[in-house]
Amino acid sequence: LSDVPITLNSSVLTNRAVRKFQSSLEQAMEHVQRQYLRHVNLSSGKGLKQRVYLRISKSLDWYRRSFGSRHSAHERVVALAVAFETLLTDSYAEGTDERIKRRVGICLKGKRGVADAKLAVFNMVHHRNEIMHTGSISQETDIAKSQAVFARCFVDIVGRLQNLPRESGRPISDLLGD
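Residues numbered from 1 in each chain as written. Predicted model: local features only at pLDDT ≥ 70, side-chain atom pairs only at ≥ 80, totals over all residues. Heavy atoms only, no water.

S.K.: Which parts of the structure should I look at to understand the overall build of the chain?
M.R.: Within the chain one finds 7 helices and 0 strands. Here the chain, with 178 residues, has 41% of them falling under the buried criterion. Sequence-distant contacts in the chain: of pairs separated by 6 or more residues, those separated by 24 or more amount to 63%. Taken as a whole, the chain presents about 10,400 Å² of accessible surface, with 49% of it coming from carbon and sulfur. (Helix = DSSP H or I, 4+ residues; strand = E, 2+ residues; numbered from the N terminus. Buried < 20%, exposed > 50% of the residue type's maximum accessible area, 1.4 Å probe, protein only. Contact = heavy atoms within 4.5 Å. Areas by Shrake-Rupley, 256 points an atom, 1.4 Å probe, with all protein chains shown as cover.)

Encoded structure:
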């Protein structure tokens, strides 16, 4: 988890809300790291917490791939779309694009800019589909906005993990009430 990139403009850090979110993000990362080490190892057995923390960790790995100059814009879009799918779904099923959009709304409920965030993520997922099926996209996507939305959804999901049921075939769905 230590190599997940976080880029902040130092002038932005003077904003109280940004500092609060930064603290929430740091706490969420630390929680996932502790629980991953606790539940995802050879002696922990197979269980719901192992599946969930492994899935969240994989989503962070895909998220990390959405940054940097080593990857093309297309690769970054695909990586970020997979990060959202991994974080916000339990498995692949028809209607994933709409499910992601809906679940972004659930994660950001009560926050400012929900409609814009949902649209940015929906467009990014649509562009991923274009890339996968045609090899190109008709227009550029605002990946930075979608990356920020992912961070906000990640913090929300981690905050809900205390309500993880003992058993579930669809833990993310259950956590989000969707």
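S.K.: What is the right way to look at the packing of aromatic side chains in this model?
M.R.: Here the distance between the centres and the angle between the planes together describe a pair of aromatic rings. Following the criterion strictly, the structure yields 3 aromatic pairs and no others. Seen from their ring centres, Y63 and F67 are 5.2 Å apart, and the 85° between their planes marks the pair as edge-to-face. Taking the relative accessible area as the measure of exposure, Y63 reaches 8% and is therefore buried. Residue classification places F67 among the buried residues on the basis of a relative accessible area of 19%. Between F84 and F150 the ring centres are 5.4 Å apart and the planes differ by 85°, which places this aromatic pair in the edge-to-face class. With a gap of 66 residues between them, F84 in helix α3 (residues 73-88) and F150 in helix α6 (residues 143-160) connect regions that are remote in the sequence. Each of the two residues, F84 as well as F150, counts as buried. A connected cluster of aromatic rings, assembled from ring pairs, spans Y63, F67, F84 and F150. (Phe/Tyr/Trp six-rings, centres within 6.5 Å; stacked < 30°, edge-to-face > 60°.)

S.K.: Is there a simple way to explain the pattern of salt bridges in this structure?
M.R.: Opposite charge on two side chains makes pairing possible when the charged atoms of those side chains draw close. Taken as a whole, this structure holds 6 salt bridges when the rule is applied. Residues R64 and D61 are paired through a salt bridge, measuring 2.5 Å at the closest nitrogen-oxygen approach. In this pair, R64 and D61 both sit in helix α2 (residues 48-65), 3 residues apart, roughly one turn of the helix. Classification of D61 by relative accessible area gives partly exposed; the value is 26%. Between R103 and D178 there is a salt bridge whose closest N-O contact spans 2.8 Å. Here D178 lies in the segment after α7 (171-176) and R103 lies in helix α4 (residues 96-107), a separation of 75 residues in the sequence. R103 sits in the buried class, given a relative accessible area of 3%. Residues joined in a network through salt bridges with shared partners are D61, R64 and R65. (Salt bridge = Lys/Arg side-chain N within 4 Å of Asp/Glu carboxyl O.)

S.K.: I would appreciate a short explanation of α6 in the present structure.
M.R.: Turn by turn, an α-helix covers 3.6 residues, leaving residues three or four places apart pointing in a common direction. The end-to-end C-alpha distance of α6 is 26 Å, a good match for the 26 Å that 18 residues give at a rise of 1.5 Å each. The complete set of buried residues in α6 reads I143, S146, Q147, V149, F150, A151, C153, F154, V155, D156, I157 and V158. On its buried side, α6 packs onto α1 (16-39), α2, α3, α4, α5 (114-134) and α7. (Expected span 1.5 Å × (residues − 1).)

S.K.: For this particular structure, what's the right way to read the side chain of D156?
M.R.: Looking at the secondary structure, you find D156 in helix α6. Using a relative accessible area of 18% as the deciding quantity, one classes D156 as buried. Dropping the residues within four chain positions of it, D156 is found in contact with C107 and L176.

S.K.: Hey, could you run me through the environment of T141 in this one?
M.R.: Relative to the assigned elements, T141 resides in the loop between α5 and α6. Residues T141 and V125 lie 16 residues apart in sequence; the distance between their C-alpha atoms is 9.5 Å. The residues touching T141, leaving out its near neighbours within four places in the chain, are V77, N123, M124 and H127.

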